[in-house]
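What follows is the residue order along each chain.
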Amino acid sequence: MNTHWLPRALVTRWTAVAFACLLGLQLGVGSVLAQSESTLSAEQKQKLKKELQQTYKEGAQAGNAENYEVAAARFEESIQLAQQLGLDNLIGKIENNLIESLKGAGSAALNQEDYEGALAHFKRLQEYTEADPTVQYNQGLALINMEDSTEVGLQSLRQAIEVGNEVGNTRVAGLATERIQDEFLAQASEALQGDNPSQAQVNEALDALDQMTEYVDPNANAMFYRGTALYESGQYQQAIQAARQGLDMHQGSRTDAAKFHFVIAESQIELGNKASACQTFENAAYGDYEARANHYLENECDDV
């Protein structure tokens, strides 16, 4: 399941009137200096000023209506006009609105599963932002959903983690970490589907879990799938170790923890530790594993 980072653009409101007043002040204060440094005539400056006011107003209106692509286009025009007028102090303010518009357009494209469109918006964002992990995060989401772009997407997500930790945005770093983990957990889960998976399937699951560690640390579910794969390959002691590591990481309910106990108990049975296994099955008899654990308790543990 993809988790899109919702940009501030979704709640930003731009005020065209306030900007028009600020523009008037900028032009008034810097008019003498601008005239001495620019080849523009007073008439040309007045025309550009009106165009700037109009393009910014249209961008603000489009942004407030959540029509982010139009807003971005108008703010880019506003930046070009401000540059011609030499209004450096205004350029940064307009760029902030452009950034929010591009974030909004990219997030909307992600929600509509238009991954190529989303990627285009986030690539444009890189021209204006250097230390914003949401850009790398959302770009990673777009890439990971595009054919033959998974590896590049994972690298972008890893970059989001690095930037997020550097700037103190642990929320985005956490989201990127979870998305990378989910990618490899899905591969491991799919490989282990069905009864009695083959050794090739087991190896595929273990390879996916090993690849995860090249990007992020494993989580509790990664250790569950590792334990399951090791059990299916007959490596029972290693399966117990992996499942116990998963239990140590686990922070959910007793029902969620049942899967770890079940892997441990089945492995103990195979190792001949029947008494220990029966005790462990008691902790596995919850949720999805209740029926299977009770089967062992009723048929294997009646004489313990």
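About the thresholds
Residues numbered from 1 in each chain as written. Predicted model: local features only at pLDDT ≥ 70, side-chain atom pairs only at ≥ 80, totals over all residues. Heavy atoms only, no water. Helix = DSSP H or I, 4+ residues; strand = E, 2+ residues; numbered from the N terminus. Buried < 20%, exposed > 50% of the residue type's maximum accessible area, 1.4 Å probe, protein only. Contact = heavy atoms within 4.5 Å. Areas by Shrake-Rupley, 256 points an atom, 1.4 Å probe, with all protein chains shown as cover. Phe/Tyr/Trp six-rings, centres within 6.5 Å; stacked < 30°, edge-to-face > 60°. Lys NZ or Arg CZ within 6 Å of the ring centre and 35° of its normal. Core = buried A, V, L, I, M, F, W, Y, C linked by side-chain atoms within 4.5 Å. Disulfide = S-S within 2.5 Å. pLDDT = per-residue confidence, 0-100. Salt bridge = Lys/Arg side-chain N within 4 Å of Asp/Glu carboxyl O. Expected span 1.5 Å × (residues − 1). Axes fitted to C-alpha atoms, helices over the stretch in contact; angles between N-to-C directions. Parallel < 35°, antiparallel > 145°, perpendicular 65-115°, else oblique. Left-handed = near helix turned anticlockwise from the far one by under 90°. Nonpolar A, V, L, I, M, F, W, Y, C, P; charged D, E, K, R; others polar.

Each helix and strand in the chain was counted, giving 15 helices and zero strands. When each of the 304 residues of the chain is scored for burial, the buried share is 46%. Of the contacts made within the chain by residues no fewer than 6 positions apart, 58% connect residues no fewer than 24 positions apart. For the chain, the accessible surface area stands at approximately 16000 Å², while carbon and sulfur atoms represent 42% of it.

Turning our attention to unusual backbone geometry. Phi angles above zero are rare outside glycine, and Glu113 is one such case at about 60°. The residue Glu113 is located in the loop between helix H5 (88–111) and helix H6 (115–125) in this model. The phi dihedral of Asp148 is positive, around 65°, even though this residue is not glycine. By the secondary structure assignment, Asp148 is in the loop between helix H7 (133–144) and helix H8 (150–167). Taking relative accessible area as the criterion, Asp148 reaches 76% and is therefore assigned exposed.

The subject of this paragraph is the packing of aromatic side chains. Within the structure shown, the criterion is met by nine aromatic pairs. One aromatic cluster is present, built from ring pairs that chain together Phe262, Phe281, Tyr289 and Tyr296. The aromatic ring of Phe262 is capped on one face by Arg292, whose charged end is 5.4 Å from the ring centroid.

A few words on the nonpolar core. It is characteristic of soluble globular proteins that their nonpolar side chains tend to be buried jointly. One finds Tyr137, Ile180 and Phe281 to be the most contacted residues of the largest nonpolar core, which totals 81 residues. The element contributing the most residues to this core is helix H9 (residues 170–191), with nine residues. Once residues lying within four places of it in the same chain are set aside, the contact partners of Ile180 are Leu154, Leu157, Arg158, Ile161, Tyr215 and Val216.

What follows deals with the state of the cysteines. Summed over all chains, the structure comprises one disulfide. Two residues share a disulfide in this structure: Cys278 and Cys301, whose sulfurs sit 1.9 Å from each other. Because the sign of the S-S torsion sets the handedness, a value of about -90° for the bond joining Cys278 and Cys301 places this disulfide among the left-handed ones. Separated by 23 residues along the polypeptide, Cys278 in helix H14 (residues 274–284) and Cys301 in the segment after helix H15 (290–299) bring together distant segments of the chain. Exposure remark for Cys278: the relative accessible area of 6% places this residue in the buried category.

Once that is clear, we can look at the confidence of the model for the chain. When pLDDT is averaged along the chain, the result is 88, and 87% of the positions lie at 70 or above. Under a pLDDT of 50 for its full length, residues 29–37 has, in the predicted model, three contacts with residues more than four places off or in other chains.

A few words now on the pattern of salt bridges. Counted according to the given criterion, the structure contains six salt bridges. Linking Arg74 and Glu58 is a salt bridge whose minimum nitrogen-to-oxygen distance equals 2.9 Å. Placement of the pair is Arg74 in helix H4 (residues 68–85) and Glu58 in helix H3 (residues 42–64), with a sequence separation of 16 residues. On the basis of relative accessibility, which here comes to 25%, the residue Arg74 falls in the partly exposed class. Note on Glu58: relative accessible area 28%, which makes it partly exposed. Among the salt bridges present, the one from Asp132 reaches Lys103, with a minimum N-O distance of 2.6 Å. Here Lys103 lies in helix H5 and Asp132 lies in the loop between H6 and H7, a separation of 29 residues in the sequence. Three or more residues joined by partner-sharing salt bridges are found here, namely Glu58, Arg74 and Glu77.

Turning to helix H13 (residues 254–270), a few remarks are in order. Turn by turn, an α-helix covers 3.6 residues, leaving residues three or four places apart pointing in a common direction. Between its first and last C-alpha, H13 extends 24 Å over 17 residues, near the 24 Å set by a 1.5 Å rise per residue. Among the 17 residues in H13, 12 count as buried, and that is most of the element. Every buried residue of H13 is accounted for by Ala257, Ala258, Lys259, Phe260, His261, Phe262, Val263, Ile264, Ala265, Glu266, Ser267 and Gln268. On the buried face of H13, the contacting elements are helix H11 (220–232), helix H12 (236–249), H14 and H15. One or two positions beyond H13, positive phi appears at Gly272, with a value near 85°.

Here we take up the packing of H7 against H9. Two elements in contact, H7 and H9, have axes separated by 9 Å at closest approach and are oriented at 20°. The orientation of H7 with respect to H9, classified from their angle, is roughly parallel. The crossing of H7 and H9 is left-handed. On H9, the residues touching Pro133, Thr134, Tyr137, Leu141 and Ile144 of H7 are Val172, Leu175, Ala176, Arg179 and Glu183. A class-by-class count of the residues in the contact of H7 with H9 yields seven nonpolar, one polar and two charged.

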